[in-house]
Amino acid sequence: MTGGGHAVIAALRDALGPRALLSGDAVGARYCSDASLTGSCLPRAVLRPDTVEAVAAALRICNAAGQSVVPQGGLTGLAGGANPRADDIALSLERFAGVEEIDEASGTMTVRAGTVLESAQSVAAAAGFLLPIDLGARGSCQIGGIVATNAGGIRVLRHGQTRENVLGLEVVLADGTVITSLNKAVKNNTGYDLRQLFIGSEGTLGVVTRAVLRLRPAPAACHTALCALRSYGHVVELLKRAQAALPGLSAFEVMWESYVRFNEEAERIRHFVDRPSLTVLLEQQGAEEDAHRFEAFLADALEEELIGDALIAQSQKERDSFWAVREGHQMDRLLPGLINLDVSMAIGRLGDFAETCGQRLARRFPDAHISFYGHLADGNLHVAVSVPTSTDQAAAEVSRITYELVRQRGGSISAEHGIGTLKRPYLGYSRSAAEIELMRRMKTALDPNGILNPGKVI
Ligand SMILES: Cc1cc2nc3c(=O)[nH]c(=O)nc-3n(C[C@H](O)[C@H](O)[C@H](O)COP(=O)(O)OP(=O)(O)OC[C@H]3O[C@@H](n4cnc5c(N)ncnc54)[C@H](O)[C@@H]3O)c2cc1C
């Protein structure tokens with residue numbers, strides 16, 4: 001480390017206290033990488049402030065010294081956005097956690113950035129509310145990371161992305177200025193909507209410290225089914241009808257056959273005797289009485305041969321077994337080096353995209369595991385690929401083949417995971433030169449010294 005580097009660390013230790021700074025051997029390997037497992041460098045130090053003032057003091061010192069800072073949440077990101085380089089200092093919000101307030105009249109929760117999503121969900125549930133943001137990484141991802149990536153997940157269809165569920169935000173700018181805007185009302189048309197600037201900015205424009213999240217009444221019941229379908233056209237028709245007939249429709253997840261096969265074998269479950277080419281996990285939140293409407297909807301779809309078969313969960317255990325296949329928690333363990341891509345496009349184009357993409361990837365990597373699944377109602381598809389001898393070059397080729405097809409179909413190379421480092425070379429596939437230039441101008445205006453998460457997004 002240079003003399004300047006030592007001086008910054010000393011100034012940070014003086015300002016924040018020794019418990020808030022890890023350096024040398026105290027920096028654990030977990031700060032190296034997010035869940036993409038593409039990071040390989042330990043940061044120079046890890047800051048773990050436990051107050052907003054400490055975050056501000058840390059950024060003031062780093063900004064004055066031109067020291068780069070990588071904000072980190074739960075490190076479940078899949079785009080390499082929280083990966084540090086050797087000269088970076090990581091800024092983890094893990095010690096600034098907890099729900100500060102539930103406002104029952106407004107139906108809001110004020111929560112600190114380091115709070116793990118599942119904990120926030122439990123606090124909301126205990127107060128009789130639903131925190132509708134939900135994703136497979138709920139046990140580790142943090143509110144700050146969710147806001148910074150504008151996380152999507154499994155309830156977007158009914159409740160929107162993180163963007164639609166954040167009413168207020170507190171952010172610390174690169175120079176240490178604290179912008180506190182913990183608004184609780186849905187309507188607030190007082191000039192530019194600054195909060196939306198930071199949501200999805202992946203730690204490049206400011207550090208999120210607190211958020212006001214919108215809550216919904218907790219549903220009394222949840223009706224869940226797995227449906228077997230034989231063509232993508234049937235899936236689109238089922239979605240259209242479900243949106244019209246089931247007002248509380250809260251999940252419409254589609255899985256291609258190879259995805260179901262892999263995860264059913266991993267979980268030692270078999271739902272349909274004859275595995276269909278497409279499986280849809282359908283969920284409706286609402287009242288107990290809605291069960292009749294849900295069953296009638298499926299009965300009609302069966303009679304009209306829109307679906308070939310359907311299983312309705314009769315217990316929480318059965319519901320969990322449906323979701324276990326969809327969430328595919330064994331995949332990372334059983335397929336080391338799994339490449340997880342996340343794209344979106346017009347719903348009508350996704351079926352053909354999956355078929356063509358699958359063929360092109362299989363031609364190039366004949367022994368690879370290739371599967372597709374996703375939040376179909378949001379036009380969002382995940383592409384999971386595991387190449388037996390996984391290398392950076394293979395990952396780059398998988399990305400290029402997939403993103404070329406996305407570009408040809410006018411889609412987005414990132415539906416919900418963000419750009420981070422991994423998708424940065426491909427940003428121009430989904431954004432125009434003028435858009436990228438505007439992003440650069442915004443970055444320069446907010447972080448003129450370029451200390452916040454350099455090398456990410458743009
Ligand atoms: C099993 C699994 C399932 C997943 N499912 C989904 C899904 O359905 N939908 C979805 O959208 N994503 C999903 N993800 C991806 C990931 O969980 C989300 O991107 C999540 O929002 C990341 O949160 P995190 O706290 O782990 O952030 P991190 O990975 O730590 O960081 C992500 C980005 O946010 C920045 N950041 C973190 N904290 C802050 C802060 N306080 N202020 C400013 N910037 C910050 C980082 O610099 C980085 O750029 C999944 C991941 C896994 C492993």
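Residues numbered from 1 in each chain as written. Predicted model: local features only at pLDDT ≥ 70, side-chain atom pairs only at ≥ 80, totals over all residues. Heavy atoms only, no water.

- An unreviewed UniProt entry annotates the protein chain as FAD/FMN-containing dehydrogenase of Aquamicrobium terrae.
- What UniProt states about the protein chain under its Sequence similarities (unreviewed entry) heading is, verbatim, "Belongs to the FAD-binding oxidoreductase/transferase type 4 family."
- UniProt's Cofactor (unreviewed entry) comment on the protein chain is quoted here verbatim: "FAD". (UniProt positions renumbered as here; feature names shortened; annotations may be inferred.)

1. Here's the deal with the overall build of the protein chain
Piece 1. Helix and strand content of the protein chain: 16 helices and 18 strands.
Piece 2. With the principal axes as the frame, the protein chain shows a C-alpha extent of 75 × 55 × 40 Å.
Piece 3. In the protein chain, which comprises 458 residues, the proportion classed as buried is 55%.
Piece 4. Excluding contacts between residues fewer than 6 apart, the proportion of contacts in the protein chain whose partners are at least 24 apart in sequence is 73%.
Piece 5. In the protein chain, which carries 45 positive and 52 negative side-chain charges, the distance between the mean positions of the two groups comes to 5 Å. (Helix = DSSP H or I, 4+ residues; strand = E, 2+ residues; numbered from the N terminus. Buried < 20%, exposed > 50% of the residue type's maximum accessible area, 1.4 Å probe, protein only. Contact = heavy atoms within 4.5 Å. Lys, Arg positive; Asp, Glu negative; His and termini not counted. Charge placed at Lys NZ, Arg CZ, Asp CG, Glu CD.)

2. Describing the site of the ligand
Piece 1. Taken together, 34 residues sit near the ligand, with Pro71, Gly73, Gly74, Thr76 and Gly77 positioned nearest.
Piece 2. Within the side chain of threonine 76, a nitrogen or oxygen atom sits 2.7 Å from an oxygen atom of the ligand.
Piece 3. For the ligand, whose unbound accessible area comes to 970 Å², protein coverage reaches 92%.
Piece 4. Of all the secondary-structure elements, those providing two or more residues to the shell around the ligand are strand E3 (69-72), helix H4 (143-149) and strand E10 (207-214).
Piece 5. For the shell around the ligand, the element with the highest residue contribution is H4, accounting for five residues.
Piece 6. In terms of residue class, the shell around the ligand is made up of 14 nonpolar, 18 polar and two charged. (Near = heavy atom within 4 Å. Polar contact = N/O pair within 3.5 Å; in protein donor to acceptor, adjacent residues only side chain to side chain. Areas by Shrake-Rupley, 256 points an atom, 1.4 Å probe, with all protein chains shown as cover. Nonpolar A, V, L, I, M, F, W, Y, C, P; charged D, E, K, R; others polar.)

3. Considering the domain arrangement of the protein chain
Piece 1. Domain annotation for the protein chain reports domain 1 (3-92), domain 2 (99-217), domain 3 (221-327) and domain 4 (335-435).
Piece 2. Centre-to-centre, using C-alpha coordinates, domain 1 lies 31 Å away from domain 4.
Piece 3. Contacts between the two partners involve six residues from domain 1 and, on the opposite side, seven residues from domain 4.
Piece 4. With both sides pooled, the region where domain 1 packs onto domain 4 buries about 500 Å², and carbon together with sulfur makes up 66% of that total. (Domains from an automatic or database assignment. Buried area = accessible area lost by both parts, 1.4 Å probe.)

4. Quick look at the UniProt feature "domain: FAD-binding PCMH-type" (unreviewed entry) in the protein chain
Piece 1. Those places that UniProt annotates as "domain: FAD-binding PCMH-type" (unreviewed entry) correspond, in this numbering, to residues 39-218.
Piece 2. For residues 39-218, helix accounts for 24% and strand for 24%, while the C-alpha atoms at its two ends are 39 Å apart.

5. Looking at the sheet that holds E3
Piece 1. With mixed pairing, the four strands of this open sheet are ordered in space as E1-E2-E4-E3. A strand with exactly one partner marks an edge of an open sheet, and here the two such strands are strand E1 (21-23) and E3. Looking at each pair of strands side by side, their axes are set apart by 20° on average, direction ignored.
Piece 2. Note: E1 against strand E2 (residues 45-47), three bridges, orientation antiparallel. Looking across to E2, one finds that leucine 21 is bridged to leucine 47. (Pairing = 2+ DSSP bridges. Axes fitted to C-alpha atoms, helices over the stretch in contact; angles between N-to-C directions.)

6. Quick look at unusual backbone geometry
Piece 1. Although it is not a glycine, leucine 37 adopts a positive phi angle of roughly 55°.
Piece 2. Its location among the elements puts leucine 37 in the loop between E1 and E2.
Piece 3. For leucine 37, a relative accessible area of 70% gives the class exposed.
Piece 4. In the Ramachandran plot, leucine 75 falls in the positive-phi region, its phi being about 60° despite a non-glycine side chain.
Piece 5. For leucine 75, the location among the structural elements is in the loop between E3 and strand E4 (89-92).
Piece 6. Classification of leucine 75 as buried rests on a relative accessible area of 14%.

7. Here we look at the pairing of strand E13 (residues 249-256)
Piece 1. Within E13, eight of the eight residues are buried, which leaves the element mostly enclosed by the surrounding structure.
Piece 2. Pairing of E13 with strand E14 (residues 278-286) involves seven bridges; the strand directions are antiparallel. Bridge pairing in E14 links glutamate 253 to leucine 281.
Piece 3. Examined bridge by bridge, E13 and strand E17 (residues 369-375) share three bridges and lie antiparallel to one another. By the bridge assignment, valine 254 is partnered in E17 with glycine 374.

8. Things to note about the pairing of E3
Piece 1. Judged by which residues are buried, E3 turns out to be covered on both faces: Val69 and Pro71 on one side and Val70 and Gln72 on the other are all buried.
Piece 2. Here E3 runs beside E4; their pairing, made up of four bridges, is parallel. Residue pairing for E4: valine 70 is matched across the bridge by alanine 90.

9. Topic: the pattern of salt bridges
Here the idea is simple: oppositely charged side chains can pair when their charged atoms come close.
Piece 1. In the structure shown here, the tally under the stated rule is 25 salt bridges.
Piece 2. Salt-bridge contacts for arginine 210 lead to glutamate 170; the nearest nitrogen and oxygen are separated by 2.9 Å. In this pair, arginine 210 is assigned in strand E10 and glutamate 170 in strand E8 (residues 166-172), connecting sequence segments 40 residues apart.
Piece 3. Of the residues examined, arginine 210 reaches a relative accessible area of 18% and is grouped as buried.
Piece 4. Here lysine 443 and aspartate 447 are joined by a salt bridge, their closest N and O atoms 2.7 Å apart.
Piece 5. According to the relative accessible area criterion, aspartate 447 is buried, its value standing at 2%.
Piece 6. Here the salt bridges share partners, and the residues they tie into one network are Glu100, Arg112, Glu170 and Arg210. (Salt bridge = Lys/Arg side-chain N within 4 Å of Asp/Glu carboxyl O.)

10. Here we look at the packing of helix H13 (residues 347-364) against helix H14 (residues 392-408)
Piece 1. Two elements in contact, H13 and H14, have axes whose closest approach is 10 Å; the angle formed by their N-to-C orientations is 150°. Considering their axes alone, H13 and H14 lie roughly antiparallel with respect to each other. In the crossing of H13 with H14, the sense of the turn from one axis to the other is right-handed. Listed contacts from H14 to Phe353, Thr356, Cys357, Arg360, Leu361 and Arg364 of H13 are Glu397, Val398, Ile401, Thr402, Leu405 and Val406. (Parallel < 35°, antiparallel > 145°, perpendicular 65-115°, else oblique. Left-handed = near helix turned anticlockwise from the far one by under 90°.)

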